[in-house]
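# Notes for the structure review
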Amino acid sequence: MQHQKYILRCLQLAKLGVGTTRPNPSVGAVIVLNDRIIGEGYTSPFGGPHAEVNAINAVTDKSLLREATLYVTLEPCSHYGKTPPCVDLIILHKIPKIVIGTLDPHDKVAGKGVKKLKEAGCEVIVGVLEDACKLHHKRFLTFHTKKRPYIILKWAQSIDGFIAPNDKISSIHHSADTKRSVAERSPIWITNQYSRQLVHKWRSQEHAILVGTNTVLQDNPSLSTRDWDGTSPIRIVLDRKRRISDDYAIYDGKVKTIILTQIKDKQAEQRENVLFEKIDFSKNIAANICKVLSEHNIQSLIVEGGTKTLQTFIDEKLWDEASVFTGPLAFENGVKAPILDAAPYFEEKIAEDTLKTYFNR
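What you see is a predicted model, and the numbers here were worked out from it, not measured in a lab. (Residues numbered from 1 in each chain as written. Predicted model: local features only at pLDDT ≥ 70, side-chain atom pairs only at ≥ 80, totals over all residues. Heavy atoms only, no water.)

Take the overall build of the protein chain next. Assigned secondary structure in the protein chain consists of 10 helices and 16 strands. A globule of 361 residues ought to have a C-alpha radius of gyration of about 21 Å, and the protein chain, at 23 Å, matches this closely. Its C-alpha atoms give the protein chain principal-axis dimensions of roughly 75 × 50 × 35 Å. Taken across its 361 residues, the protein chain has 53% of its residues classed as buried. When contacts within the protein chain are restricted to residue pairs at least 6 apart in sequence, those whose partners lie at least 24 apart make up 68%. Taken as a whole, the protein chain presents about 17600 Å² of accessible surface, with 50% of it coming from carbon and sulfur. Of the charged side chains in the protein chain, 49 are positive and 42 negative, and the gap between their average positions amounts to 3 Å. (Helix = DSSP H or I, 4+ residues; strand = E, 2+ residues; numbered from the N terminus. Rg over C-alpha atoms; globule rule 2.2 N^0.38 Å. Buried < 20%, exposed > 50% of the residue type's maximum accessible area, 1.4 Å probe, protein only. Contact = heavy atoms within 4.5 Å. Areas by Shrake-Rupley, 256 points an atom, 1.4 Å probe, with all protein chains shown as cover. Lys, Arg positive; Asp, Glu negative; His and termini not counted. Charge placed at Lys NZ, Arg CZ, Asp CG, Glu CD.)

Judged by nonpolar contacts, the single largest core of 31 residues is most densely connected at Leu153, Ile236, Ile289 and Phe313. Looking at this core, the elements that each hand over two or more residues are strand S6 (150–157), strand S8 (208–211), strand S9 (234–238), strand S10 (257–261), helix H9 (285–295), strand S12 (300–305), helix H10 (307–315) and strand S13 (321–326). Dropping the residues within four chain positions of it, leucine 153 is found in contact with Val303, Leu310, Phe313, Ile314, Trp319, Glu321, Ala322 and Ser323. In terms of nonpolar packing, the next biggest core, distinct from the first, is built from 25 residues, Ala29, Val72, Val87 and Cys122 among them. (Core = buried A, V, L, I, M, F, W, Y, C linked by side-chain atoms within 4.5 Å.)

The next subject is the sheet that holds S10. Strand order in the open sheet formed by nine strands is S11-S10-S9-S8-S12-S6-S13-S16-S15, and the pairing between neighbours is mixed. The open sheet is flanked by strand S11 (274–278) and strand S15 (346–350), the only strands paired with a single partner. Each strand axis lies, on average, 20° off the axis of its neighbour in the sheet, ignoring direction. Bridge analysis of S6 against S12 gives four bridges, and the strand direction is parallel. Counted as the bridge partner of leucine 153 is valine 303 from S12. (Pairing = 2+ DSSP bridges. Axes fitted to C-alpha atoms, helices over the stretch in contact; angles between N-to-C directions.)

Tracing the sequence through the fold places lysine 291 in helix H9. Relative accessible area serves as the criterion here: at 53%, lysine 291 is assigned to the exposed category. In the structure, lysine 291 is positioned 252 residues away from glycine 39 in sequence and 41 Å away in space, judged by C-alpha atoms. Of note is the side chain of lysine 291, whose polar atom sits 2.9 Å from the side chain of glutamate 295. (Polar contact = N/O pair within 3.5 Å; in protein donor to acceptor, adjacent residues only side chain to side chain.)

To continue, consider the sheet that holds strand S3 (residues 69–74). Here we have five strands laid out as an open sheet, ordered S2-S1-S3-S4-S5, and mixed in their pairing. One side of each edge strand has no neighbouring strand; the edge strands of this open sheet are strand S2 (36–42) and strand S5 (123–126). Between one strand axis and the next, the sheet turns through 15° on average, direction left out of account. Where strand S4 (residues 97–102) and S5 come together, four bridges link them in parallel fashion. Each residue of the ladder has a partner; that of lysine 97, found in S5, is glutamate 123. Those strands touched by helix H4 (residues 112–119) are S4 and S5, and its axis lies near 150° from that of S5.

In this section: the pattern of salt bridges. Counting across every chain of the model gives 15 salt bridges. Among the salt bridges present, the one from arginine 235 reaches aspartate 252, with a minimum N-O distance of 2.7 Å. Here arginine 235 is found in strand S9, whereas its partner aspartate 252 is found in the loop between S9 and S10, with 17 residues between them in sequence. Between glutamate 295 and lysine 291 there is a salt bridge, and its shortest N-O distance comes to 2.9 Å. Of this pair, glutamate 295 and lysine 291 both sit in helix H9, four residues apart, roughly one helical turn. Three or more residues joined by partner-sharing salt bridges are found here, namely Lys146, Arg148 and Asp320. (Salt bridge = Lys/Arg side-chain N within 4 Å of Asp/Glu carboxyl O.)

In short, geometric facts, not functional conclusions.
Written out as structure tokens, the structure reads:
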């Protein structure tokens, strides 16, 4: 139980770095002596010290480390990257006992950290709260074991199961204008401001966000974290026939954007911060998308719509998690929500909205 208590603290710390450490995982570390925490830390933004280094640096009297226990959510690295191996520092300070949540599947680690620690005479315990640690490190683990991003499906639906009414023109600002300019296009909000802010928080934690052509044409989304303090994700846009013109927000150059298409025109592709990738739209579209994103080292992806795009990932069974908001509106007709044949893992209320979370087991 003592080990679990300190790994839980490691997980609390690790959450503080989510979205800032890529391509490294956001790890948490705690150093304990006589049932008292004497140092703790989590992974710095990429290029900075790892969690174990920050925890060791937090200990004022380094002589105490020779009698302490280091707790960490993920196996310490044993190779040189932007920083030296964490196991070398652990061994240097003669920390006698290391408790690890789960092993690191990265081919440069994969048990080598544990092996090196044991060879140096350290006692190593692996697998404390392993499921919780794997869940926290889901993006990193999925990318390195399945060679694709961790995929989160997200949509909002009306109480009667539609993601949009037949007329997607905003009833608030443009009820009579059926020929809106691109700048005037906006979605009809199904959920409240708190749910929308939560989505922007999620965007700041994930590597990329994907939408289909029709979502862009109808809503002109920026796909940013404007309602949350954080880095906006890479934008992934499906535009098979190159129907999206340059005046849409996805071409504003503010965020790296990858357009997946079947038509490549080199002369038309000279846009700031925009890349074009050709994929096969005839079959296994989700798998083809994952292949391209893996080549770009994208570790996690939010798929936000529309229904056809979301259903493609569901039907190909290429999803790991789904977050489905249900708002209080009733549309009576419109664009039906995706069909997800799964039971929710948990359900919560956000004011008048309901959020259900699913996992693909």
